[in-house]
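# Notes for the structure review
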Amino acid sequence: MKKGLLGMLAIILVSSMFLAGCNKGSSDKGYSNGGKGTKIELWTFNELHEQYYEHMAEKWNEENPDDQISLKATTYPYEDLHNKLLVALQSGKGAPDISDVEISKFGNFLKGEPQILPLDDVIDPEKENIVQSRLDIYAKDGKTYGIDFHVGAAVIYYNKEIMDKAGVNPDDIKTWADYKEAGKTVLEKTGIPMTTLDIEDQWSFWPQVAQLEGKDDLLKENGEVNLTDPRIVEVLQYEQDLVKEGIAIPSPGNDHHSEEYYGFMNNGGAASVWMPMWYMGRFTDYMPDLKGKIVIKPMPAWSEGAPRSAGMGGTGTVVTNQSKDPDVAKKFLAYAKLSKEGNIEIWKQLGFDPIRSDVWDLPEVNEENKFTEYFGPNIFSTLLEVKDEIEGVNIGERTPDVSNAVKTTILFQTLVEMKDPKQALEEAASQIK
Amino acid sequence: MKPKKKWKLSSILLILLFVVIGIFALFPLFAITLGSLKPSTEIMRYGLNLKLQADLLSLDNYSYLFNGETDYFIWYKNSIIITIASTLSCLLLTSMVGYGLAVYDFKLKNVVFGLVLIVMMIPVEIIMLPLYKLTMSLGLMDTLVGAFLPFVVAPIPIFFFRQYASGLPRDLLDAARVDGCTEIGIFFRVMMPLMTPAFSSMAILQALGSWNNFLWPLIVLRSSENLTLPIGLSTLLTPYGNNYDVLIAGSVMAIFPVLLLYIFFQRYFIEGMTAGGVKG
Amino acid sequence: MEASRRQGVRKQKKRSLLYSQNAAPYFFIFPFILSFLIFFAYPVATTVIMSFQEVLPGQTTFIGLDNYKELWNPTFLTAIRNSTVYTLLTLIILIPVPLVLAVFLNSKLMFAKNFFRSVTFIPALTSVVVAGMIFRLIFGGQDGALLNSILTNFGMEPKAWLNHGGTSMFVLVVLATWKWMGINILYFLAGLQNIPRELYESAEVDGATTARKFYHITLPLLKPISIYVFTISIYGGFSMFAESYMLYGSNRSPNNIGLTIVGYLYQKGIEQNNLGFGSAVGIALLVITLIITLIQLKFFGMFKKEEQG
């Protein structure tokens, strides 16, 4: 009997090893178009992006019957994607042809010799139609390595219902000083804070810094850390003052992407929030009760006539040096993100403000969709209004470290623990090499 | 004459103590099972709570597991395959090593045992990157085998088997030798059957570890169809909204096989721990 | 004839190998040696080398002790402090308490032992992902979150559990306790069942009280298993990473209150791709655990020749 048991175990062992070994890495499984055509492997961290690429691959095949591609797109969790990609590029094996890289992680991929390919050959033909700052952020030594989905223009979303109750007209708010005053009124009349602030994320802080005139923001133009710049200290001080007076509160859940925040805002917890254009999708998907109550306006500026917006966030999609068909990969990428059709689809499917400015006043883009139903028509008119005031940001090798410091210590220490902004910034800066 | 068991005060207190502990232990699992029966928008708005809310209860979330939108059942299958393969191969190899260290006297004995202890101490994170490169060169990336091979000769079972084997009667060994058994034969035919309790406990420990293993499979496994259950579930947590419906229901279902395994084998597990004696 | 005799000798040599008590151990330990060399020694050596380098794609430069000098910074020290406090707390709670509970569970006064034993063990069956997610939801900062809603029911203030150092460590320790209590109880139960009843009975005949029985019989005879539990708890404590990662949903916690040594290694080595520096952190962790182990081994004398059979 015992021998029989042993024998059975042995059989189970062998068969399970066999099954385990049988799972070969790449096969034709998962490749679109039945595996026909040039095989392209793509990684992303957002399922919506994955669906978008798959859709564009189909369209490409329709328009290019002689140059078919077979796409395998996979979505990994955000941190995981960047780690995997970095390790694969580092070790020289296992990287896909194309990958999304989020902007605050992009610096990691520019260190040393970039293991990703310059994309200028496909960008140059379309260059004049593209918002330039969205190309500069992914460049090193004059070569551009990533192509973005959107401009990510920072705007401000007002809860009209609350604003009306307080008797404040959003169009009257032109500067941050105006905003503070309006905030006091709203607080007095309704008891509701004017806004919430990101604590573990950078979407409240960074746009305000980027709005400052001149070419420096969190990094100087030359890539050096700029955290101790007195004007940045002032920005942080401004935010801290808002919190001290109750005009702003740290976002529930510590950032505007948490379940706590969605629930809070959906129940009318705050009168406004400033986030990039791509945040629209969060409203439609997670804050249904606010439908029809939110208006999108340009952000206040630091002074009259100063820039009102900045390009925030972004996903720089790259082609890796491990791609077996770099030319096809580049062409597909350009089609998906640089072409007119691509840009129109980017708005329609993803709700992003596309990087080709010649698309913004096209009728297709102003058609009805779930965003116009929620926010009202003329979403792009706000964008067109600030078209020439969209500041770029400096992205470099230090960006991941700076971004990390902002998200982990700086905001928390100053806006929750009420530490002195100058001190917090100086301490953080000293730790970044 | 043995007195009948009386309901002494101390008994009652003890029971109460353990009831409280039991509640503490099971309460989170109850909360999450309840949560899995409610739509995830509830969780978004109100967090996990205990309100029964009978009108909201449904098995909808579980249906998502079955509808093929996620690869949930493929992950399940992969986890089962890896758990079985790694546990069996681990038991075989580690029992050999533990036995060898316990029963024989040879020059390097203490050195090897010391090495085993050292391997036990090092968290895998320290050697993760070179191990990753190695796995790539061996062509084991994104394979189920690659997800467990580097750790199959695990130090803790070696340690345990060594302790256990030290307690086995030596005369059996000598008798077998007289009978003309090869040394290997002695191990497989005589000693191994004697170590069954040890095998049971280590089997459960290894199976548990393998089922819940996270970090290394996270690095090695790529394509969705090769993921194991914990990794697959974690892909549902994204910064763009957590797919709590599937995540919570999926987590609840992930507990079941292990629960069953434990319920059926707990006797052997205890026997193994007990008899083996982790003696000095 | 000569041939067959020679064959006989050869056969005998071959056979004697299979019977050799000298050769046999090497066969048995071979799997470990192989695995050790390939999957352990080589990677460790590589890590050591990398810790003295600056590793960038396409350029690897030798920078001597620079990585180690950089280790001396507030974030790393925070990580060390967090890991140490965590380990200490889990040792304090997860050794004495399960021990006492095991004694209770084992006593004659207890009913339904198997049932309660299983119930306390069930949390250990959950994976870190699941456990972390559960606790994150229970200890969420909103007013409606599980624990906070219970607190408000009793008239207390809701707390933002994961936002402050003290409370976050509390949550981590509660998570560890919930998960590992059952398994430690099982270990101690196993140890208890090895103590012969006669010892207790003869002590009772001598008039020993419960307390004396506990201190003079139970505790000393539980020493071996206690050492084992102590050892694995120390390693577990210092290498803790996944629990914190799951609790915060990523490697980042406000002001680094949840950052552990391994978390720091992951952050620097994997997330920021600073392999040289990450390796240095790894080696630092190695040194810490080596020191603790050596102290512990000396203290408990594990290498002494066994006196019992």
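If you're wondering where the values come from, they're calculated on a predicted model, not measured in any experiment. (Residues numbered from 1 in each chain as written. Chains lettered and ligands numbered in written order. Predicted model: local features only at pLDDT ≥ 70, side-chain atom pairs only at ≥ 80, totals over all residues.)

### Looking at the overall build of chain B
A count of helices and strands for chain B gives 13 helices and 0 strands. Going from N to C terminus, chain B has its helices and strands arranged as α-α-α-α-α-α-α-α-α-α-α-α-α. By the burial criterion, 48% of the 280 residues in chain B qualify as buried. (Helix = DSSP H or I, 4+ residues; strand = E, 2+ residues; numbered from the N terminus. Buried ≥ 20, exposed ≤ 12 C-beta atoms within 10 Å, placed from the backbone.)

### Remarks on the domain arrangement of chain A
Many analyses report the size of an interface as the accessible area lost when the parts associate. Residue and element names in this part refer to chain A. Taken domain by domain, chain A comprises domain 1 (33–151 + 313–372) and domain 2 (154–310 + 397–431). Centre-to-centre separation of domain 1 and domain 2, based on C-alpha positions: 29 Å. Residue-level contacts link 13 residues of domain 1 with 11 residues of domain 2. The residue makeup of the side of domain 1 that touches domain 2, split by class, is 3 nonpolar, 6 polar and 4 charged. (Domains from an automatic or database assignment. Contact = placed C-beta atoms within 7 Å. Nonpolar A, V, L, I, M, F, W, Y, C, P; charged D, E, K, R; others polar.)

### Side note on the interface of chain B and chain C
Taken together, the 71 residues of chain B in the interface contact 74 residues of chain C. Counting residues per element, the side of chain B that touches chain C draws most heavily on helix α1 (residues 9–36) of chain B, which supplies 12 residues. The class makeup of the residues in the side of chain B that touches chain C is 51 nonpolar, 16 polar and 4 charged.

### A look at unusual backbone geometry
Even without glycine at this site, A:N254 takes up a positive phi of about 70 degrees. Tracing the backbone through its elements, the reader meets A:N254 in the loop between β8 (248–250) and α11 (259–266). Residue A:N254 is classed as buried on the basis of its C-beta count, with 27 C-beta atoms lying within 10 Å. Even without being a glycine, C:N255 presents a positive backbone phi close to 55 degrees. On the neighbour-count criterion, C:N255 (20 C-beta atoms within 10 Å) is buried.

### Quick notes on the packing of helix α6 (residues 113–121) of chain C against helix α9 (residues 165–193) of chain C
Residues and elements named next belong to chain C. The contact between α6 and α9 brings their axes to 7 Å, and the two run at 135 degrees. As far as their axial angle goes, α9 and α6 are oblique. Facing α6, whose interface residues are R117, T120 and F121, α9 presents M181, G182, I183, I185, L186 and L189. Partitioning the contact of α6 with α9 into residue classes produces 6 nonpolar, 2 polar and 1 charged. (Axes fitted to C-alpha atoms, helices over the stretch in contact; angles between N-to-C directions. Parallel < 35°, antiparallel > 145°, perpendicular 65-115°, else oblique.)

### Points about the domain arrangement of chain B
Residue and element names in this part refer to chain B. Domain annotation for chain B reports domain 1 (9–58) and domain 2 (70–276). Counting residues at the interface gives 6 residues for domain 1 and 6 residues for domain 2. Elements with a contribution of two residues or more to the side of domain 1 that touches domain 2: α1 and α2 (40–46). Ranked by residue count, the leading element in the side of domain 1 that touches domain 2 is α1, at 4 residues. Here the side of domain 1 that touches domain 2 is built from residues that sort into 2 nonpolar, 4 polar and no charged.

### Description of helix α18 (residues 421–431) of chain A
Residue and element names in this part refer to chain A. Inspection of α18 places P421, A424, L425 and A428 among the buried residues, and these make up the whole buried set. All buried residues of α18 fall inside an arc of 95 degrees around its axis, so they share one side. Looking at the buried side of α18, the elements it contacts are α10 (230–244) and α17 (399–415). (Arc of directions from axis to C-beta.)

### A short note on the nonpolar core
B:V97 and C:L285 are the most contacted members of the largest nonpolar core, which has 273 residues in total. Element by element, the count of residues in this core is highest for helix α4 (residues 72–103) of chain B, at 15 residues. In this structure C:L285 touches B:P123, B:I126, C:F238, C:I261, C:V262 and C:L265, once residues within four positions along its chain are discounted. (Core = buried A, V, L, I, M, F, W, Y, C linked by C-beta atoms within 7 Å.)

### Description of the confidence of the model for chain A
With 93% of its residues at a pLDDT of 70 or more, chain A shows a mean pLDDT of 87. With pLDDT under 50 throughout, residues 22–27 of chain A is counted as low confidence; its partners more than four residues away or in other chains account for 6 contacts. (pLDDT = per-residue confidence, 0-100.)

### Some details on the sheet that holds strand β2 (residues 69–75) of chain A
Strand pairing in a sheet relies on backbone hydrogen bonds. The paired strands run either parallel or antiparallel. Residues and elements named next belong to chain A. If you trace the 4 strands from one edge of the open sheet to the other, you get β2-β1-β3-β12, paired in mixed fashion. Edge positions in the sheet fall to β2 and β12 (315–319), since each of these pairs with one other strand and no more. Sheet twist, expressed as the average angle between the axes of neighbouring strands with direction ignored, equals 20 degrees. Looking at chain direction, strand β1 (residues 38–44) and strand β3 (residues 98–102) are connected through 2 bridges and run parallel. Counted as the bridge partner of W43 is S99 from β3. Of the strands in this sheet, β1, β2, β3 and β12 are in contact with helix α13 (residues 326–337), which crosses β12 at around 155 degrees. (Pairing = 2+ DSSP bridges.)

### Notes on the environment of B:S210
Residues and elements named next belong to chain B. Looking at the secondary structure, you find S210 in helix α10 (residues 196–212). Since 24 C-beta atoms lie within 10 Å of it, S210 is described here as buried. Excluding residues that lie within four positions of it along the chain, S210 makes contacts with I82, T83, S86, T87 and F148.

### Some remarks on the pairing of strand β6 (residues 154–159) of chain A
Residue and element names in this part refer to chain A. Within β6, 6 of the 6 residues are buried, which leaves it mostly tucked inside the rest of the structure. Burial along β6 is two-sided: A154, I156 and Y158 and V155, Y157 and N159, pointing in opposite directions, are all buried. Two elements, β6 and strand β10 (residues 294–298), share 5 bridges in a ladder whose sense is antiparallel. Bridging across to β10, Y158 finds its partner in V295.

### Regarding the environment of C:F27
Residues and elements named next belong to chain C. Structurally, the position occupied by F27 is in helix α2 (residues 24–50). Note on F27: 16 C-beta atoms within 10 Å, which makes it partly exposed. Once the C-alpha coordinates of F27 and P254 are considered, the two residues, 227 residues apart in sequence, prove to be 52 Å apart.

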